[in-house]
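# Commentary on secondary and tertiary structure
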Amino acid sequence: MRLKDTGLTAQEIKDKVSTYMIETYERFDFLAETAKDQYMYDEKGEAYLDFYAGVAVNSVGNCNEKVVKAVQEQAAAVMQTFNYPYTIPQALLAEKICTTIGMDKIFFQNSGAESNEAMIKMARKYGVENFGPNKYHIVTAKMGFHGRTFGAMSATGQPGNACQIGFGPMTYGFSYAPFNDLQAFKDACTENTIGIMIEPVQGEGGVHPATREFMQGLREFCDEKGILLLLDEIQTGWCRTGAVMSYMNYGIKPDIVSMAKAMGGGMPIGAICTSEKVAKAFTRGSHGSTFGGHPVSCAAALAAVEELLERDLARNAKEVGAYFVKQLRKIPHVKEARGQGLLVGIELDKSISAVDVKHACFDRKLLVTAIGSSVVRMVPPLVVTRKDCDRAVEIIREAVEAMAPAQVKAS
């Protein structure tokens, strides 16, 4: 939909949002009217280099031609059916994902939070049915983030996070241990523990990758104790981190893995994948979703996954991401640049506000996000080039240098 077709001004659109919508987001003063690959365009046609990509969603590029074509063709054939009849996109996507990542079974959801919710439910049901009524405890990581549904936010190890404050008691059955501390995770487990649930890279926690020792140690410990290893790959999955799934960077395999974001190519979809043995926990009536496995979303996801694999965008993420991190380290006031593939964060020293840098980048037509007061996170489309990264580095440098004099003077 184009602004000129509505008869309204950009400000009138913004006013309608302010009047009618419940706002929980800090908006950019920007009307996104069109997009293509790594750029978004406002109603005036001004281009913005997009290094947040719908928060790691538009990995094959915004409005990827194959994804758009798949959506158009499927929407004109069957829009929605629920899950009583079979549909072609759902069947083909299920096969593509399972065979690509080496899993037996998949269950489709609509989002990342719902996928994590399904993963938690499956693990608990598997534990209760196979080991007894108290086998439902799950250990997650401090500073992790798993979503905003009640189970997912209870699994989130951030008691001070706005996603938990004011909602009353969290769901019982979770405890938390420091990320990358293998012994602490072992100590947090009890005789009632059925699962350990982590992100391979903590995104909302400040862009901290898991160490190889930690990940392999968790896998060995889970095998030894009969505990399920649950990996939240909502943000890290589908080539973002330099491998098809981040767990492949560590030479391990989870018992259940959740995914969403990039797999849909811009359409809402999520899923969990697991083994045949664990999948048996979900029996008829135990779990479901009206829109899970939606034909249009599955068609889009199939096109997106094929694009990610055929264009080897995992390799591009690995190579361009390494280059990007190296260049970011040269910017003044950057204490650390870190990440995995093209999931990248820079931690700034205390003289610079990450939020101020985010806004200064926006003023210079670069879109990034801020985590807390000190970390700028970037998750660009995986089609970006070194030239795009050079431009981003140039803008971030300008933004940081613009912030520095005022803050130093103020101090």
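Residues numbered from 1 in each chain as written. Predicted model: local features only at pLDDT ≥ 70, side-chain atom pairs only at ≥ 80, totals over all residues. Heavy atoms only, no water.

## Some thoughts on the overall build of the protein chain
This is how the line gets drawn: Secondary structure elements are taken from DSSP: a helix is a run of H or I of four residues or more, a strand is a run of E of two residues or more, and numbering for both begins at the N terminus. Note on method: radius of gyration uses C-alpha positions; expected globular size equals 2.2 Å times residues raised to 0.38. Working definition: with a 1.4 Å probe on protein chains only, accessible area under 20% of the residue-type maximum means buried, over 50% means exposed, and in between means partly exposed. Accessible surface is estimated by sampling points in the Shrake-Rupley manner with a 1.4 Å probe; for residues, cover comes only from the protein chains shown. We treat Lys and Arg as the positive residues and Asp and Glu as the negative residues; His and chain ends play no part in the count. Note that the charge is assigned to NZ on lysines, CZ on arginines, CG on aspartates and CD on glutamates.
Helix and strand counts for the protein chain stand at 13 helices and 17 strands. Taking 22 Å as the expected radius of gyration for a compact globule of 411 residues, we find that the protein chain reaches 21 Å, a close match to that expectation. Seen through its principal axes, the protein chain has C-alpha atoms that stretch 60 × 55 × 40 Å. Of all 411 residues assigned to the protein chain, the portion counted as buried reaches 54%. Roughly 18800 Å² of accessible area belongs to the protein chain as shown, and the carbon and sulfur atoms make up 52% of that amount. Each charge class in the protein chain was averaged separately, 45 positive and 47 negative side chains, and the resulting centres sit 2 Å apart.

## A word on the packing of helix H4 (residues 88-101) against helix H10 (residues 295-310)
This is how the line gets drawn: Lines fitted to the C-alpha atoms define the axes, with helices restricted to the stretch that makes contact. Angles between their N-to-C directions range from 0 to 180 degrees. Throughout, a crossing is termed right-handed when the near helix is turned clockwise from the far one, and left-handed when it is turned anticlockwise from it by less than a right angle. When checking whether two residues touch, look at their non-hydrogen atoms; a contact exists if any pair is within 4.5 Å. Basically, the charged four are Asp, Glu, Lys and Arg, the nonpolar ten are Ala, Val, Leu, Ile, Met, Phe, Trp, Tyr, Cys and Pro, and anything else, Gly included, counts as polar.
One can describe the packing of H4 onto H10 by two numbers: an axis separation of 8 Å at closest approach and a directional angle of 35°. Judged by the twist between their axes, the crossing of H4 over H10 is left-handed. Residues Pro89, Gln90, Leu92, Leu93, Lys96 and Thr100 of H4 form the contact with H10, whose participating residues are Pro295, Cys298, Ala299, Ala301, Leu302, Val305, Glu306 and Leu309. Taken together, the residues of the contact of H4 with H10 sort by class into 10 nonpolar, 2 polar and 2 charged.

## Overview of the state of the cysteines
What is meant by a disulfide is a covalent connection between two cysteines, made through their sulfur atoms. Convention followed: Note on disulfides: each one is a pair of cysteine sulfur atoms within 2.5 Å.
Evaluation of the coordinates by the stated rule reveals 0 disulfides. We note that cysteine 389 lacks a disulfide partner, and the nearest cysteine sulfur, in cysteine 361, lies 13 Å from it.

## As for the nonpolar core
A general feature of soluble globular proteins is that nonpolar side chains tend to end up buried together. Let me state the cut-off plainly: The term nonpolar core refers to a set of buried residues drawn from Ala, Val, Leu, Ile, Met, Phe, Trp, Tyr and Cys, joined through side-chain atoms within 4.5 Å.
Judged by nonpolar contacts, the single largest core of 92 residues is most densely connected at Ile101, Ile196 and Trp238. A total of 10 residues in this core trace back to one element, the largest contributor, which is H10. In contact with tryptophan 238, not counting residues within four places along its chain, are Ile97, Thr100, Ile101, Val244, Met245, Met259, Ala262, Met263, Val305, Leu308 and Leu382. Counting 18 residues, the second-largest nonpolar core is a separate cluster that includes Tyr126, Ile138, Ile194 and Val278.

## Some words on the sheet that holds strand S2 (residues 39-41)
Selection rule: The pairing criterion is simple: DSSP has to find at least two bridges between the two strands.
Overall, mixed pairing links the 4 strands, which are arranged S1-S2-S3-S15 in an open sheet. The sheet terminates laterally at strand S1 (34-36) and strand S15 (366-367), the two strands that pair on one side only. Alignment of strand S3 (residues 47-50) against S15, held across 2 bridges, turns out to be parallel. Across the sheet, the residue bridging to aspartate 50 is leucine 367, located in S15.

## Section: the environment of glutamate 220
Looking at the element boundaries, glutamate 220 is found in helix H8 (residues 212-225). When the C-alpha positions of glutamate 220 and isoleucine 252 are compared, they lie 9.5 Å apart, and in sequence the two are 32 residues distant.

## Section: the pairing of strand S6 (residues 174-177)
For the record, the criterion: By convention, a crossover is right-handed whenever its connection, traced from the first strand over the helix to the second and viewed with the strands pointing away, goes clockwise.
Alignment of strand S5 (residues 137-141) against S6, held across 4 bridges, turns out to be parallel. Across the sheet, the residue bridging to threonine 140 is tyrosine 176, located in S6. Crossover S5 to S6 through helix H6 (residues 150-155) is right-handed.

## Overview of the sheet that holds strand S16 (residues 369-371)
Pairing within the open sheet is antiparallel, and its 4 strands lie in the order S13-S14-S17-S16. Both outer strands of the open sheet, strand S13 (334-340) and S16, are each paired with one neighbouring strand and no more. Pairs of neighbouring strands in the sheet enclose a mean axial angle of 25°, with direction left out of account. In the sheet, S16 pairs with strand S17 (residues 375-378) via 3 bridges, with the strands oriented antiparallel. Each bridged residue has a counterpart across the sheet, and for threonine 369 the counterpart in S17 is arginine 377. Along the sheet face, helix H12 (residues 354-363) touches strand S14 (343-348), S16 and S17 and points at about 180° away from the line of S16.

## Topic: unusual backbone geometry
Here lysine 261, not a glycine, exhibits a phi torsion of approximately 40°, which is positive. Examined against the element boundaries, lysine 261 turns out to sit in the loop between strand S11 (256-259) and strand S12 (270-274). Even without being a glycine, histidine 333 presents a positive backbone phi close to 75°. Turning to its location among the elements, histidine 333 is positioned in the loop between helix H11 (313-328) and S13.

## Here's the deal with the side chain of glutamine 74
Secondary-structure assignment places glutamine 74 in helix H3 (residues 65-75). Residue glutamine 74 is classed as buried on the basis of its relative accessible area, which comes to 15%. Leave out the neighbours within four places in its chain, and glutamine 74 touches Met79, Pro89, Pro295, Val296 and Ala299.

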